[in-house]
Amino acid sequence: MILQVAFKGHRTKQLREFQIGLLVLEHRQATASIRAISSSGAAAAVACRRSPSPGSKSRQSIGTSTVGSSGTSCNSSSNSRPGTAATADCGGLQARVWVPKHVVADSRLTANREIVVRFRAQEGKRYVLIPYTRQAGDTGPFVLRMYSPQIMRVEQLPSPLSIVIGGQWIAHLAGGRSCHPTWGSNPQYLITCQRETTAVIALLRPDVRNSLMALPYNPDECIGITVCTAEVTADGLGRRCAVRQPAAEVYAESEFASMDEAVLLVRLQPEVPYVVVPSTAGPGVQAPYELRLFSSQPLELVPMPEVQCVSHTGAWTAGSAGGCNLHQSWITNPAYLLQLPAKTTCRICLARSTGNWPRNQSLRAMIGFYIIRAAPPRGQQHTVTSLKQLQLYESAFVPMATCEEEVDLPGNMPLLLVPCTYASGVRGKFVVSVTASSSFSFEALTAGLADAAAKALEFDQQQAAANTFSQTGNFAAARLPALHE
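To keep things clear, this report deals only with the structure shown in the data block. (Residues numbered from 1 in each chain as written. Predicted model: local features only at pLDDT ≥ 70, side-chain atom pairs only at ≥ 80, totals over all residues. Heavy atoms only, no water.)

**With respect to the overall build of the protein chain**
When its secondary structure is counted, the protein chain shows four helices and 29 strands. The 485 residues of the protein chain split such that 48% are buried. Relative to all contacts within the protein chain whose residues are 6 or more apart in sequence, the contacts with residues 24 or more apart total 85%. Approximately 23,700 Å² of the protein chain is accessible, and the part contributed by carbon and sulfur atoms is 51%. (Helix = DSSP H or I, 4+ residues; strand = E, 2+ residues; numbered from the N terminus. Buried < 20%, exposed > 50% of the residue type's maximum accessible area, 1.4 Å probe, protein only. Contact = heavy atoms within 4.5 Å. Areas by Shrake-Rupley, 256 points an atom, 1.4 Å probe, with all protein chains shown as cover.)

Right, dumping it as structure tokens:
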């Protein structure tokens, strides 16, 4: 069988490395589902059978021509097709193939306007022909011609269902990869499906792709996709604030190897909510993005509210498992400095992380947190009594893995968040996160509550310096008219 693909677009497209390729796959029924990175493409199916009169000495050449438009991705920077391993979403001849398995022939990428591929088609087998381009979003018409001495049946497979949505990583919404504490601040999308399906999720950066000059490679600006299970809150399903147990909570994650494109293929289960999080590798990278979803079944996509979320991992060790404020050792607990620009409602979540937690001690190992004002001590250092007088909020202590509450907190003053167990001496790892609708600062104190006095004194000095500068500026502004007179 001879296949010919001819690009009918303008020759100027070659100036920006417009390349085309043709892939021939053997269509087989899939028996398992494996998650992997892949690319989707326009496809046509071919069924080959012998002529009704195989004994005839004369041979007739039968040609078939198909016209279509290209707009698929190879996700590769070289003239080769990426090798991936995943399952095809097969349900007979009408189902699309989502991954390049069982390759029969591959033309490789070329800048020529025409490609010719030859392969031997076996009787009774089905093949899928996929004309593709080098970059996702490269569009243009093409003609696919097929020549064979035997009768062929050619059928174009249906196009996938698609969803395209744009967004931006800006300011405090650029949280970086899941290994960073600010990962929960990234834009997030909740997706569900009614029937089991394979979905291809593609993430693009238009500013890099449409740049006239090649941008220098920066690993922090590489983009990727993380698919997680949805966070279950008191209000129902919500954002994923942090990844506490990656093996259980991260369903799939793409590589962060390219600055302009990332592709992820996942198998979605019906009635199971997933959270899709596009992000850059490093935090603080501000850039636009475009998120595309392709599937053979309808998907529902709901953007989650934009909030800032900062998470920190910590541990109660032999020297920092101080217990609640009923113990004199409470002052040794870990502490975190929280600063809000104005009065804000914050959602604070304290969760046990993976680790060996004591069994049959549910009351001793109950978790909770305190919020106190970070004020300088009246004496040399803070005591349990002095910190209790500065206390603003105390959560309930619960014998569960998560303690989560919404708290109205004042702004323009340093606050201390103190996570602890009910009894002292209970060791274990934890994750504490703060979520708010506005920008804020949330950092860990290296010396725990013992570092609170120094931080409070530093904040007071900064405020005094700012007030002095403001008063000096106002006095100088008032003196200017007098001087001119």
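**Things to note about the packing of aromatic side chains**
To describe a pair of aromatic rings, you give the distance between the ring centres and the angle between the ring planes. Tallied over the full model, the rule gives nine aromatic pairs. Centroid distance Trp-330 to Tyr-370: 5.2 Å. Interplanar angle 70°. Geometry classified as edge-to-face. Of this pair, Trp-330 sits in the loop between strand S21 (308-316) and strand S22 (336-339) while Tyr-370 sits in strand S24 (residues 367-373), and the two are 40 residues apart along the sequence. Residue classification places Trp-330 among the buried positions, given a relative accessible area of 0%. Ring geometry for Tyr-336 against Phe-442: centres 5.6 Å apart, planes inclined by 35°, an arrangement best described as tilted. Taken together, the residues span a long stretch of sequence, with Tyr-336 in strand S22 and Phe-442 in strand S29 (residues 441-444) at a distance of 106 residues. Judged by relative accessible area, which is 4%, Tyr-336 ranks as buried. Judged by relative accessible area, which is 6%, Phe-442 ranks as buried. (Phe/Tyr/Trp six-rings, centres within 6.5 Å; stacked < 30°, edge-to-face > 60°.)

**Let's talk about the side chain of Asp-260**
Along the polypeptide, Asp-260 turns up in the loop between strand S16 (250-253) and strand S17 (261-268). Under the relative-accessibility criterion, Asp-260 is labelled buried at 17%. The contacts of Asp-260, once residues within four sequence positions are left out, are Gln-135, Leu-203, Leu-204, Arg-205, Val-208, Arg-209 and Ile-223.

**Re the pairing of S24**
Within S24, six of the seven residues are buried, which leaves the element mostly enclosed by the surrounding structure. Pairing of S24 with strand S27 (residues 414-421), which is carried by seven bridges, proceeds in the antiparallel orientation. Its bridge partner lying in S27, Ile-371 is registered against Leu-417. (Pairing = 2+ DSSP bridges.)

**Notes on the environment of Ala-111**
Mapped onto the secondary structure, Ala-111 falls in the loop between strand S5 (103-106) and strand S6 (114-118). Taking relative accessible area as the criterion, Ala-111 reaches 37% and is therefore assigned partly exposed. Along the primary structure Ala-111 and Thr-133 are separated by 22 residues, whereas in three dimensions their C-alpha atoms are 9.9 Å apart.

**Quick look at the sheet that holds strand S12 (residues 197-204)**
The strand order across the open sheet formed by four strands is S10-S19-S12-S17, and the pairing between neighbours is antiparallel. What marks the edges here is a single partner per strand, and that holds for strand S10 (161-169) and S17. Adjacent strand axes in the sheet meet at a mean angle of 15° when their direction is disregarded. As paired elements, S10 and strand S19 (residues 287-295) share nine bridges and run antiparallel to each other. The residue of S19 that forms the bridge with Ser-162 is Phe-294. (Axes fitted to C-alpha atoms, helices over the stretch in contact; angles between N-to-C directions.)

**Focus on the pattern of salt bridges**
In total, this model carries 12 salt bridges according to the counting rule given. A salt bridge links Glu-26 to Lys-125; the nearest nitrogen and oxygen atoms lie 3.8 Å apart. Separated by 99 residues along the polypeptide, Glu-26 in strand S2 (residues 20-26) and Lys-125 in the loop between S6 and strand S7 (126-133) bring together distant segments of the chain. The network of salt bridges with common partners includes Arg-205, Asp-207 and Glu-221. (Salt bridge = Lys/Arg side-chain N within 4 Å of Asp/Glu carboxyl O.)

**Description of the pairing of S12**
Moving residue by residue along a regular strand, the side chains alternate between the two faces of the sheet. For S12, the buried fraction is high: eight of the eight residues fall into the buried class. One ladder, built from six bridges, connects S12 with S19; its direction is antiparallel. If you follow Val-200 over to S19, its bridge partner there is Phe-294.

**Points about the side chain of Arg-205**
Relative to the helices and strands, Arg-205 is located in the loop between S12 and helix H1 (206-209). Given a relative accessible area of 3%, Arg-205 falls into the buried group. Setting aside its immediate chain neighbours within four residues, Arg-205 contacts Trp-169, Glu-221, Ile-223, Met-259, Asp-260, Ala-287 and Pro-288.

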